[in-house]
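Listed below are the residues making up each chain.
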Amino acid sequence: MAKARNSGIGRKVLILAAALLVITGVVARCSALHTQDADISGEIVATEENGPAQEDEAGSESTEESGAPVELDDQMAEIVDGYDEQTIEAIDFLRSNAWTTFDSAHSVEFGDCWYQEHSASGESEPVAYAVTALSTTQQSTAGAVVTLTTLAMQTSKGGQIVTLGKSSDAAGEVVWTVSSDGFGGADSYLRRDKATAVASQGLSERMLGLINNDVEGLDRALTEYCRTVYPQASTATWEQVATVDEAQGTIGFSMMLDASLTPSVHVLYDEAKGVFEVGRQR
């Protein structure tokens with residue numbers, strides 16, 4: 001997956017995000033990987049103004065219990081079992097928010113012990129991680145107060161530094177980013193509220209018949225997909241074309257989202273199972 005370069009969506013957001021990115025870039029390149037015994041200073045508060053709704057429980061559960069797409073090795077599992085409260089709060093913050101590039105072309109999804117990057121063209125392999133150390137710094141730049149929480153990680157790809165940044169200006173505008181040179185889709189992602197409900201529209205009577213009139217199931221599948229890939233989306237419009245594969249027993253069609261760049265996502269409906277798969281084609 002080629003790395004994306006973020007483009008702006010608002011002058012104020014750009015100024016705050018730029019302050020974060022400049023400082024974060026320095027931190028990512030200058031921070032040495034900490035050991036498990038490293039001194040940890042500062043803290044991150046998981047519930048703040050413009051922060052996430054805490055919809056998940058604490059994140060140090062096993063991969064089997066959490067349904068993680070990857071398994072931790074014994075060493076990483078031992079590190080996870082020893083997390084302190086600050087580390088758990090930082091991971092919960094990452095998990096409970098959606099993170100996308102400015103143009104929404106790429107996103108990264110965090111679990112309690114894994115992350116995975118997504119784009120319209122596909123998704124990367126999930127990466128297992130364990131946080132070995134955490135530290136927090138604060139400084140002022142470009143008229144904003146920038147707080148950086150640096151997480152040293154042991155991952156299935158090797159050592160990695162991930163920086164969670166918060167920038168606040170005098171007017172109270174708050175921007176959150178998560179950055180790492182180890183990401184494959186983009187160097188930095190911007191916090192978004194997760195999509196709570198995506199409604200399908202424009203479906204003809206004939207199209208409704210093809211999916212057994214299961215609009216509720218379609219909306220549920222679209223919402224689940226958009227929660228991490230296109231979190232700003234609220235509607236999905238049928239693009240007036242459907243492909244019936246009688247051999248496979250599937251109906252394929254595309255929906256255009258009202259997110260940035262109006263992306264089109266493919267939907268596959270399994271007639272026998274009555275299940276929708278969003279973002280996949282056969």
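Keep in mind the model is a prediction, meaning the values are calculated, not measured.

(A) A look at the overall build of the protein chain. Each helix and strand in the protein chain was counted, giving six helices and 14 strands. The long-range fraction of contacts in the protein chain, counting pairs at least 24 apart against all pairs at least 6 apart in sequence, stands at 59%. Summed over all atoms, the accessible surface of the protein chain reaches about 13,500 Å², with 47% contributed by carbon and sulfur.

(B) Spatial organisation of the packing of aromatic side chains. Within the structure shown, the criterion is met by nine aromatic pairs. Considering the side-chain rings of Tyr115 and Phe183, the 5.4 Å spacing of their centres and the 80° angle between planes classify their relative orientation as edge-to-face. Residue Tyr115 is located in strand β3 (residues 114-119), and its partner Phe183 is located in the loop between β8 (174-179) and β9 (188-192); the two are separated by 68 residues in the primary sequence. Its relative accessible area of 2% is what places Phe183 among the buried residues. Ring centres 5.6 Å apart and planes at 70° place the aromatic pair Phe183 and Tyr189 in the edge-to-face group. Residue Phe183 shares its accessibility class with Tyr189, and that shared class is buried.

(C) Highlighting helix α4 (residues 85-95). Counting buried residues along α4, eight of its eleven residues qualify, which places the element largely inside the surrounding structure. Residues of α4 that are buried: Thr87, Ile88, Ala90, Ile91, Asp92, Phe93, Leu94 and Arg95.

(D) Structural detail: the pairing of β8. With six of six residues buried, β8 lies mostly within the body of the structure. Along β8, one buried face is formed by Val174, Trp176 and Val178 and the opposite face, lined by Val175, Thr177 and Ser179, is buried too. Where strand β7 (residues 158-169) and β8 come together, six bridges link them in antiparallel fashion. In the strand pairing of β8, Gly165 is matched with Thr177. Connecting β7 to the next strand, β8, in antiparallel fashion are four residues, including Gly172 with a positive phi near 90°. Across three bridges, the pairing between β8 and β9 is antiparallel. Each bridged residue has a counterpart across the sheet, and for Thr177 the counterpart in β9 is Leu190.

(E) Broad picture of a negative patch on the surface. Residues Asp73, Asp74, Glu78 and Asp81 make up a contiguous surface patch of negative charge. Positionally, Asp74 belongs in helix α3 (residues 74-81).

(F) Summary view of α3. All of the buried residues along α3 are Met76, Ile79 and Val80. Taken down its axis, α3 places every buried residue within 100° of arc, on the same side. Among the exposed residues of α3, those oriented more than 90 degrees off its buried face are Asp74, Gln75, Glu78 and Asp81. Looking at the packing, one finds that the buried side of α3 touches β5 (127-141) and β6 (144-155).

(G) Region of the structure containing the sheet that holds strand β11 (residues 235-245). Taken together, the five strands give an open sheet; going across it, the order is β10-β11-β12-β13-β14, and neighbouring strands pair in mixed fashion. Two strands lie at the open edges of the sheet, namely β10 (199-201) and β14 (275-278), each paired on one side alone. Ignoring which end each strand starts from, the neighbouring axes of this sheet average 35° apart. Relative to strand β13 (residues 264-270), strand β12 (residues 250-257) runs antiparallel, the two being bridged by seven bridges. Its bridge partner being in β13, Gly252 is matched across the sheet by Leu268. Across the sheet, helix α6 (residues 215-226) is in contact with β10, β11, β12, β13 and β14; its angle to β14 comes to roughly 30°.

Each value, and the rule that gives it
Residues numbered from 1 in each chain as written. Predicted model: local features only at pLDDT ≥ 70, side-chain atom pairs only at ≥ 80, totals over all residues. Heavy atoms only, no water. Helix = DSSP H or I, 4+ residues; strand = E, 2+ residues; numbered from the N terminus. Contact = heavy atoms within 4.5 Å. Areas by Shrake-Rupley, 256 points an atom, 1.4 Å probe, with all protein chains shown as cover. Phe/Tyr/Trp six-rings, centres within 6.5 Å; stacked < 30°, edge-to-face > 60°. Buried < 20%, exposed > 50% of the residue type's maximum accessible area, 1.4 Å probe, protein only. Pairing = 2+ DSSP bridges. Patch = residues over 30% accessible without salt bridge, like charges linked within 9 Å, V, L, I, M, F, W, Y side chains within 5 Å. Salt bridge = Lys/Arg side-chain N within 4 Å of Asp/Glu carboxyl O. Lys, Arg positive; Asp, Glu negative; His and termini not counted. Charge placed at Lys NZ, Arg CZ, Asp CG, Glu CD. Arc of directions from axis to C-beta. Axes fitted to C-alpha atoms, helices over the stretch in contact; angles between N-to-C directions.

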